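# Coordinates in review
One letter stands for each residue in the lines below.
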Amino acid sequence: YTLKQRGVGMYSLCKKCNNLTGKYYGTEYIKFANTVDKLFPEILKKNNKIAGIHIEGFNPLLFSKQVLSMFCSTCPNITAKNPEIIELLLNKSKRGLDSSKYRLSMYLIKERKIAYTGIQAMYVSGVGIRMLASIDAYPFGFVLEFDPKIKCVELDITQFFNEYEDQTYNMDFGIPILERNIPFSTDYRTKDEIINCIEENKIGGI
C-alpha cells in the first residue's frame with residue numbers, strides 16, 4: 001500500500017492556517033498525548049474513574065489552542081460565526097477565551113479511535129438547548145460547548161486560555177476516564193448501561 005500523509009482525510013483548513021497551527025501547537029499536543037499514552041497501563045491498573053497525571057514542562061495555552069484548532073476542522077463555519085477564534089489561534093501568544101460563550105473540556109478514553117460529531121443541538125429538560133461538539137482522539141476526548149448552561153463532567157480546560165502565559169509549567173491533573181459508545185456528545189454510558197436501557201424500554205412498550 002501507499003501511505004498518504006493526510007490526517008483524517010478531509011480538507012478543512014486552508015494551507016496557511018493548517019501549517020501555522022501545526023507549527024505553533026502540534027508539538028505541545030503530541031508531547032502531552034504521548035505522556036498520557038505511556039502512563040495509561042498504570043492508570044488502568046488503579047481502576048479509578050479519574051486519572052491523576054503529573055507533567056513537567058507543559059504549555060497549557062498551546063495545547064488548548066491545538067484542541068480548538070481541531071474543532072475548527074470538524075465544525076464547518078465555526079470561525080465565520082465566531083471570528084474572535086481566528087485571532088486567538090493565529091496569534092501564538094494571544095490569550096483569552098470568553099467562558100460565558102465557550103467551554104472547552106477534556107477527558108480520557110481507553111479505546112484507540114478517532115471520531116468527531118460536528119456541532120450538535122441537544123435538548124435537556126429544565127435547561128434548554130445545549131450546543132456542543134465532541135472529538136475523540138485517543139487518549140483524549142474533548143467537548144466544545146457554546147453558551148454553556150450546566151456544569152460539565154469533563155475537566156474544564158477553558159482556563160488554559162485565560163490563566164496561563166505562553167510558557168511551560170509543571171502541572172497536576174485529575175482527568176475523568178469516560179466511555180464513548182454512541183455518537184452523541186456528553187453521553188458516557190457504558191455498553192452495559194446502554195443495553196440495560198434498551199431492555200427497559202422494550203419492557204415499557206416503547
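Residues numbered from 1 in each chain as written. Predicted model: local features only at pLDDT ≥ 70, side-chain atom pairs only at ≥ 80, totals over all residues. Heavy atoms only, no water.

This part covers helix H4 (residues 83-90). All buried positions along H4 are accounted for by Ile85, Leu88 and Leu89. One face of H4 carries all of its buried residues, which in axial projection span an arc of 90 degrees. (Buried < 20%, exposed > 50% of the residue type's maximum accessible area, 1.4 Å probe, protein only. Helix = DSSP H or I, 4+ residues; strand = E, 2+ residues; numbered from the N terminus. Arc of directions from axis to C-beta.)

Moving on to the nonpolar core. Counting 51 residues, the largest nonpolar core has Phe32, Phe63 and Phe140 as the members making the most contacts within it. Among the elements that make up this core, the one with the highest residue count is helix H2 (residues 60-74) (7 residues). The contact partners of Phe32, leaving out residues within four places of it in the chain, are Ile53, Ile55, Phe58, Phe63, Met106, Phe140, Phe173 and Ile175. (Core = buried A, V, L, I, M, F, W, Y, C linked by side-chain atoms within 4.5 Å. Contact = heavy atoms within 4.5 Å.)

All right, on to unusual backbone geometry then. A cis amide bond links Tyr138 with the next residue in sequence, Pro139, at an omega value of 5 degrees. For Pro139, the location among the structural elements is in the loop between strand S5 (128-137) and strand S6 (140-146). Positive phi is not limited to glycine here, since Asn47 has a value of about 55 degrees. Here Asn47 shows up in the loop between helix H1 (15-46) and strand S1 (50-58). Even without being glycine, Asn77 reaches a positive phi, approximately 70 degrees. On the secondary structure map, Asn77 appears in the loop between H2 and helix H3 (78-81).

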